[in-house]
Amino acid sequence: MPSPQVAVIIGAGDATGGAIARRFAREGLTLCVTRRQQAALEPLTDEIRKAGGVVPPFGCDAREEAQMVELFDHIERDIGEIAVVVFNIGANVRFSITETTTRVYRKVWEMAAMSGFLTGREAARVMLPRGRGTIIFTGATASLRGSSGFSAFSGAKFALRALAQSMARELGPQGIHVAHPIIDGAIDTDFIRDNFPERYALKDQDGILNPEHIAEQYWQLHCQPRDSWTHELDLRPWLETF
């Protein structure tokens, strides 16, 4: 029997990460989803299983090298061939520069940059012998410009973007598609609803990003023929200024 095609979602949260998992599951891929606490994945995995999908969950700290190596080894050995990997860990914090501690700066870098490196390296390690695969890193407005109060977050997201560019140039000629979507705008999440009600009110005008629509773009990236690969695209509501 052929090996199942597997999509790995590192950071399968309640909004974008979960939507990406559901979108790939609808296409028949086995979904390996991760969060630091496995129990937090139960609503997502229950939903995908009820729809007929296969979705083994993993509690995994993506900042820890040994855990990431074991995760990819386990999936390849016991579950199936990894066809696509999505890195979707959020680390958005806001502090003035004088209030940004070394602990905050280091933690944000570990979450948004170091974890991305470990994810990308391990994905490349298993994909290169096959000469195929897709690796997608979720970017943000902070990937392009460092706004006031976001020194830690923008520093980490700049680093992630540089990683994605370097990997794309190295791995593209070897058959692996590396993409970096930039999510430039508020997403329909509980966090935006509770903390930015005026922005959330724009939902009725399509003024904030729908996670399901973001997920559709990720699926389309994975499906692109290699004669017309996209490395970077930006997604923003029509009302968003840029």
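Preceding this paragraph is the structure being described.
In this text, all values refer to a predicted model and were calculated from it rather than measured experimentally.

1. Digging into the side chain of His177
Inspection of the secondary structure puts His177 in strand β7 (residues 176-183). Residue His177 is classed as buried on the basis of its relative accessible area of 3%. There is a polar contact of 3.3 Å between the side chain of His177 and the backbone oxygen of Leu221. Sequence-distant contacts of His177, that is, excluding residues within four places in its chain, are made with Gly133, Thr134, Ile135, Leu221, Gln224, Trp229 and Thr230.

2. Quick look at the pattern of salt bridges
Counted by the stated rule, this structure contains 23 salt bridges. The salt bridge partner of Glu81 is Arg132, with a shortest N-O separation of 3.2 Å. Here Arg132 lies in the loop between α4 (102-127) and β5 (133-137) and Glu81 lies in strand β4 (residues 81-87), a separation of 51 residues in the sequence. Taking the relative accessible area as the measure of exposure, Arg132 reaches 43% and is therefore partly exposed. A single salt-bridge network, built from bridges that share partners, covers Glu65, Asp73, Arg121, Glu122 and Arg125.

3. Quick word on the nonpolar core
The tendency in soluble globular proteins is for nonpolar side chains to be buried side by side. Counting residues in hydrophobic clusters, the biggest one holds 30 residues, and the most contacted among them are Ile75, Ile82, Ile135, Phe137 and Val178. Listing elements by their share of this core, those giving two or more residues are β1 (5-10), α3 (65-78), β4, α4, β5, α5 (151-171) and β7. Among the elements that make up this core, the one with the highest residue count is α5 (six residues). Residues contacting Ile135, with those up to four places away along its chain left out, are Val85, Gly120, Ala123, Ala124, Met127, Met167, Leu171, Ile176, His177, Val178 and Ala179. Formed by 28 residues, the second largest nonpolar core is a distinct cluster that contains Phe24, Ile183, Ile187 and Tyr218.

4. Some remarks on the pairing of strand β2 (residues 30-35)
Consecutive side chains of a regular strand alternate in pointing toward one face of the sheet and then the other. Judged by how many residues are buried, β2 sits mostly within the fold: five of six residues are covered. Bridge analysis of β1 against β2 gives five bridges, and the strand direction is parallel. Residue pairing in the sheet places Val8 in a bridge with Cys32 of β2. Handedness of the β-α-β unit built from β2, helix α2 (residues 42-50) and strand β3 (residues 57-59) comes out right-handed.

5. What to know about the pairing of β4
In terms of residue burial, β4 counts as a mostly covered element, since seven of its seven residues are buried. Note that β1 and β4 share six bridges and pair parallel. The residue of β4 that forms the bridge with Ala7 is Val84. Relative to β5, β4 runs parallel, the two being bridged by four bridges. Residue pairing for β5: Val85 is matched across the bridge by Ile135.

6. Some words on helix α8 (residues 211-223)
End to end, α8 covers 19 Å across 13 residues, agreeing with the expected 18 Å (1.5 Å per residue, within 8%). Within α8, the full set of buried residues consists of Pro211, Ile214, Ala215, Tyr218, Trp219 and Leu221. The arc that holds the buried residues of α8, viewed along the axis, is 155 degrees, so those residues lie on one side. In the core, the buried residues of α8 are packed alongside α1 (16-26), β4, β5, β7 and β8 (232-235). Put simply, Asn210 is the residue that caps the front of α8, since its side-chain oxygen is 2.8 Å from the backbone nitrogen of Glu212.

7. Let's talk about the packing of α1 against α2
Running from N to C, α1 and α2 cross one another at 20 degrees; their axes reach a closest spacing of 11 Å. When the interaxial angle is binned, α1 and α2 end up roughly parallel. The handedness of the crossing between α1 and α2 is right-handed. Every residue of α2 that contacts α1 at Gly18, Ala21, Arg22 and Ala25 is listed here: Leu44, Glu47 and Ile48. Counted by class, the contact of α1 with α2 contains four nonpolar, one polar and two charged residues.

Conventions we followed
Along each chain, numbering runs from 1 in the same order as the chain's sequence is written. Only residues with pLDDT of at least 70 are given local features in this predicted model, and only at 80 or more are side-chain atom pairs given and counted; all residues enter the totals for whole chains, interfaces and linings. The side-chain values count all of the structure's non-hydrogen atoms but skip hydrogen atoms and water molecules. The secondary structure listing takes helices from DSSP runs of H or I that are at least 4 residues long and strands from runs of E that are at least 2 residues long, numbered from the N terminus. Here's how the labels work: a residue is buried when its accessible area is under 20% of the maximum for its type, exposed when over 50%, partly exposed in between, all with a 1.4 Å probe on protein chains only. We call two N or O atoms a polar contact when they sit within 3.5 Å, provided that within protein one can donate a hydrogen and the other can accept it, with sequence-adjacent residues counted only if both atoms are side-chain atoms. Contacts were defined at the residue level, with two residues in contact if any of their heavy atoms lie within 4.5 Å. Whenever a carboxyl oxygen of Asp or Glu lies within 4 Å of a side-chain nitrogen of Lys or Arg, that contact is scored as a salt bridge. Here the nonpolar core consists of buried residues drawn from Ala, Val, Leu, Ile, Met, Phe, Trp, Tyr and Cys, with membership extended through side-chain atoms lying within 4.5 Å. Strands were regarded as paired on the criterion that DSSP finds at least two bridges between them. Viewed with both strands pointing away, a crossover whose connecting path from the first strand over the helix to the second turns clockwise is right-handed. Given a helix with a known number of residues, its expected span is that number minus one, times 1.5 Å. Throughout, the arc means that of the directions going from the helix axis to the C-beta atoms. Only C-alpha atoms enter the line fits that serve as axes; for helices the fit covers just the stretch in contact. Angles between N-to-C directions range over 0 to 180 degrees. Oblique is the label for any angle not covered by the other classes, which are roughly parallel (under 35 degrees), roughly antiparallel (over 145) and roughly perpendicular (65 to 115). Definitions for this section: a left-handed crossing has its near helix turned counterclockwise from the far helix by less than a right angle. A right-handed crossing has that turn clockwise. Here the term charged refers only to Asp, Glu, Lys and Arg, the term nonpolar to Ala, Val, Leu, Ile, Met, Phe, Trp, Tyr, Cys and Pro, and the term polar to all other amino acids, Gly among them.

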